[in-house]
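Inside the fold
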Amino acid sequence: MALIPVVPNIPFLYLVYRGWSHWREFLVEKDLLKPVSYPGLEQLYAKRVPRALEHSHVEKPISQMAEDVENSKDTLLLRMTDAKKLATILDAPELALEAERAIVQAEEQLQAQKKEEQEKNAPQKKHV
């Protein structure tokens, strides 16, 4: 009778991930694999970033906008209406539903964080 592991083989998965990461790095360094940017996707995010940042302008280069986003508070860049646009840009119709789910989950998480911060910053009342 074969022994079937009940717990997933986490060390194996870790080693596979590390192997793929190194292999991908090798391919990129040797110019055998060239990451490609989707212009439509870049444009979609470029429209959303200035709204998420208080003092940003559309004229900024995308690299500067990305840096501004990294240094800003957590905000949701995509809206529910963007899910279908995202699926169309990536030519993956089934992605629309998954993007909508992700947007809802991210909104809920951000609201929970905001509520937690408000509770933390609220003055504590002393009971006498």
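The notes below deal with the structure included here.

Definitions and limits used
- Residues numbered from 1 in each chain as written.
- Predicted model: local features only at pLDDT ≥ 70, side-chain atom pairs only at ≥ 80, totals over all residues.
- Heavy atoms only, no water.
- Core = buried A, V, L, I, M, F, W, Y, C linked by side-chain atoms within 4.5 Å.
- Buried < 20%, exposed > 50% of the residue type's maximum accessible area, 1.4 Å probe, protein only.
- Helix = DSSP H or I, 4+ residues; strand = E, 2+ residues; numbered from the N terminus.
- Contact = heavy atoms within 4.5 Å.
- Polar contact = N/O pair within 3.5 Å; in protein donor to acceptor, adjacent residues only side chain to side chain.

**What about the nonpolar core?**
Formed by Leu41, Leu44, Leu76, Leu78, Ala83, Leu86, Ala99 and Ile103, the largest nonpolar core amounts to 8 residues. Looking at this core, the elements that each hand over two or more residues are helix H2 (39-52), helix H4 (82-89) and helix H5 (95-121). Sequence-distant contacts of Ala99, that is, excluding residues within four places in its chain, are made with Ala83 and Leu86.

**A word on the environment of Arg79**
Among the structural elements, Arg79 can be located in the loop between helix H3 (62-71) and H4. As for Arg79 and Glu100, which are separated by 21 residues in sequence, their C-alpha atoms are 8.4 Å apart. Polar side-chain contacts of Arg79 include one of 2.9 Å to the backbone oxygen of Leu76.

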